[in-house]
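Summary of the model geometry
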Amino acid sequence: MEIGFIGLGKMGAGMTRRLLRAGHTCTVFDQDPESAQRLRRDGATPVMGLDELVGALSAPRVVWVMLPSGRPTQETIELLSQRLQQGDTVIDGGNTFYKDDIHRQTLLQTKGIHLLDVGTSGGVWGLTQGYCLMIGGERGVYERCEPLFAALAPLRGFAAKGSGETEAPREAKGVANKAAQRPNTADKGYLWCGPCGSGHFVKMVHNGIEYGLMQAYAEGFELLRARSEIRDHVGDIAEVWRHGSVVRSWLLDLCARALREDSELSEYRGHVSDSGEGRWTVEAAIEERVPAHVLSSALYTRFRSRQETSFAEKILSAMRAGFGGHQEQK
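What you see is a predicted model; the values in this text were computed from it and never measured.

What counts and how
- Counting of residues starts from 1 at the beginning of each chain's written sequence and follows it residue by residue.
- It should be noted that, the model being predicted, local features are given only for residues of pLDDT at least 70 and side-chain atom pairs only at 80 or more, the latter also being counted only at that level, while totals for whole chains, interfaces and linings use all residues.
- For the side-chain quantities, the full set of heavy atoms in the structure was used; hydrogens and water were omitted.
- Salt bridge, as applied in this entry: a Lys or Arg side-chain nitrogen positioned within 4 Å of an Asp or Glu carboxyl oxygen.
- Type-normalised accessible area, obtained with a 1.4 Å probe on protein chains alone, sets the label of each residue: buried when under 20%, exposed when over 50%, and partly exposed for intermediate values.
- The axes used here are C-alpha line fits, helices contributing only the stretch in contact, and every angle between their N-to-C directions lies in the interval 0 to 180 degrees.
- For helices the rule is a DSSP run of H or I covering at least 4 residues; for strands it is a run of E covering at least 2, with both sets numbered from the N terminus onward.
- To sort the angles, those under 35 degrees are grouped as roughly parallel, those over 145 as roughly antiparallel, those from 65 to 115 as roughly perpendicular, and the leftovers as oblique.
- The crossing is said to be left-handed when, going from far helix to near helix, the turn is anticlockwise and less than a right angle, and right-handed when the turn is clockwise.
- Note on contacts: a residue pair qualifies if any of its non-hydrogen atoms lie within 4.5 Å across the two residues.
- Gly is placed with the polar residues, together with every amino acid not listed as nonpolar (Ala, Val, Leu, Ile, Met, Phe, Trp, Tyr, Cys and Pro) or charged (Asp, Glu, Lys and Arg).
- Two strands are counted as paired when DSSP detects at least two bridges linking them.
- Convention used here: a crossover is right-handed provided that the path from the first strand, over the helix, to the second strand proceeds clockwise when the strands point away from the viewer.
- Centre distance within 6.5 Å is the pairing criterion for rings of Phe, Tyr and Trp, where only the six-membered ring of Trp is used; planes under 30 degrees apart are then read as stacked, over 60 as edge-to-face, and the remainder as tilted.
- Only lysine NZ and arginine CZ atoms are considered, and such an atom sits over a ring when it is within 6 Å of the ring centre and within 35 degrees of the ring normal.

1. Observations regarding the pattern of salt bridges
Inspection of every chain in the model, using the stated rule, returns 15 salt bridges. Note that Arg242 and Glu239 form a salt bridge whose closest N and O atoms lie 2.8 Å from each other. Residue Glu239 is classed as partly exposed on the basis of its relative accessible area, which comes to 24%. Three or more residues are tied together by salt bridges with common partners; here these are Glu239, Arg242, Asp253 and Arg260.

2. Here we look at the packing of helix α8 (residues 198-226) against helix α10 (residues 250-261)
Here α8 crosses α10 at 40 degrees, and the two axes come no closer than 10 Å. Compared by their axis directions, α8 and α10 come out oblique. Handedness of the α8/α10 crossing: right-handed. Together, Leu213, Met214, Tyr217 and Phe221 of α8 and Leu251, Leu252, Cys255 and Leu259 of α10 make up the contact between the two elements. Taken together, the residues that form the contact of α8 with α10 break down as 8 nonpolar, no polar and no charged.

3. A word on the packing of α8 against helix α11 (residues 277-288)
For any two helices packed against each other, the geometry is given by the interaxial angle and the distance between the axes. α11 packs onto α8 with a crossing angle of 105 degrees between their chain directions and a minimal axis gap of 8 Å. In terms of their interaxial angle, α8 and α11 are classed as roughly perpendicular. Here Phe201, Lys203, Met204, Val205, Asn207, Gly208 and Tyr211 of α8 come into contact with α11, specifically with Glu277, Gly278, Trp280, Thr281 and Ala284. Considering only residue class, the contact of α8 with α11 consists of 6 nonpolar, 4 polar and 2 charged.

4. Brief notes about the pairing of strand β5 (residues 89-92)
Neither face of β5 is exposed, since Thr89 and Ile91 on one face and Val90 and Asp92 on the opposite face are all buried. Bridging between strand β4 (residues 62-65) and β5 involves 4 bridges; their strand directions are parallel. Among the inter-strand pairings, Val62 is bridged to a residue of β5, identified as Thr89. Considered for its hand, the β-α-β crossover made up of β4, helix α4 (residues 71-81) and β5 is right-handed. Once the chain exits β5 it traverses helix α5 (residues 98-109) before rejoining the sheet at strand β6 (residues 114-121), and the crossover so formed is right-handed.

5. Overview of the pairing of strand β1 (residues 2-6)
Among the 5 residues in β1, 4 count as buried, and that is most of the element. Bridge count between β1 and strand β2 (residues 25-29): 5 bridges; the pairing is parallel. Following the sheet pairing, Glu2 is matched in β2 by Thr25. Crossover handedness for the path β1 to helix α1 (residues 10-21) to β2: right-handed. Bridge count for β1 against β4 is 3 bridges, and the pairing is parallel. Paired with Phe5 across the bridge in β4 is Trp64.

6. Looking at the sheet that holds strand β3 (residues 45-46)
Read from one edge to the other, the open sheet built from 8 strands follows the order β3-β2-β1-β4-β5-β6-β7-β8, with strand pairing classed as mixed. Since the sheet does not close on itself, it has two edges, and those belong to β3 and β8 (190-194), each with one partner. The strands touched by α1 are β1, β2, β4 and β6; relative to β1, the strand with the most contacts, the crossing angle is about 165 degrees. Each of β1, β4 and β5 touches α4; the most contacted strand, β5, lies at about 175 degrees to it.

7. A word on the packing of aromatic side chains
Any two aromatic rings considered together are summarised by their centre-to-centre distance and by the angle between their planes. All chains considered together, the criterion is met by 8 aromatic pairs. Ring geometry for Phe97 versus Tyr98: centroids 5.1 Å apart, planes at 75 degrees, classification edge-to-face. The same class applies to Phe97 and to Tyr98, which are both buried. Residues Tyr98 and Phe201 carry aromatic rings whose centres are separated by 4.9 Å and whose planes lie at 90 degrees to one another, so their mutual orientation is edge-to-face. Note that Tyr98 is positioned in helix α5 and Phe201 in helix α8, a separation of 103 residues in sequence. Overall, the relative accessible area of 12% leaves Tyr98 in the buried class. Of the aromatic side chains, those joined through ring pairs into one cluster are Phe5, Trp64, Tyr142 and Phe149. The ring of Tyr211 has Arg302 sitting right over it, with the charged end atom 3.6 Å from the ring centre.

Next up, the structure:
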C-alpha cells in the first residue's frame, strides 16, 4: 500500500522502516528534515511539508500521524483536514486520549474523511519484534488498511512459548463463542477493538496495567535487596525467574538485563515520568466505578519519585516530634 507518515521519532522511524521492508510505499515528513532524509536510504520519499505529502499520495489517501498527544497531534490533524479529500483516512497512532479521538472523528466526518485510532505498543524494539496494535474506527476502513497493520505487527506465534497459550481459543461449554465466528487477528498482534476511540481506550488500560506490573517488580526487587543474605544475588534471581516461573515477562527481561549491567543501577536517579495514560486510566476507572487500587497506587508512586522530600513527609516528621519527641535521623 501507499501511505504518508508524519512523525519520525524513535517509534515513527522504526514503524516506517518496518512498512518499507514489507513492500509498502512510504512518503514521510517530520519537523526535523534530517529525520526524513535518513529514511531515504531505506526507500522512503521524504517531503518538506504537508502540502507536498498530500500531493504525493494517490486517492484514497492514508496518512499515519505518529506525534505526541495533545496539541501536536490536534494541530496536525486539523491541518490535514484542510488538505485531504472525501474518502481519505487519517490514522492516529500516538498516545492520544480516547475522548479526543471521538471529537476529531466528528471534525473529519463533516468532510467525509475517516479516522482510525491505533494504540501502539512495542517501543524501540518494535522495528525488529513488531508492534502490538489496538485499533478503533469504522470496520470497513480498518479492513482496507489491514495490510499496514499486518506488516507492523509481530510475526504470528511471537508470544512466548510455554506460558499456557493454546493454538486457538476454545469455545466455552454451552456458550456460543461469538468472537470465534468472525475473523480474529488477536494472535497476529493486531486487533479491531470497536468504534472510534476504542483503540486508544484499550491502549490506555494497557498502560495502566503496565504501571502496576512495573511497580510490583520494583517493590519485589527492593525487598530482595533489603535482605542482606540475598542482596548480592538479586540479579541472578531476576535471571532464574525468566526461566519457567509464572512471573516471567518482557518487563522481567528488562529488569534482569539492567541488573546484569549494573547491580546497583547507579546511573538511574529513580525519577519516573508518566505519559498521561496512567492518569487517564485512573480517571476512567472513577467514571466507570471500577476499583483500580494497584493502578492508582502505581501512578501515585510515580508522582512521589519526582520529589526528594515531600511536604507531607515533613508534616509527618513534625507531628512525630510533637507528640513523641521523635527526632529525625541525620
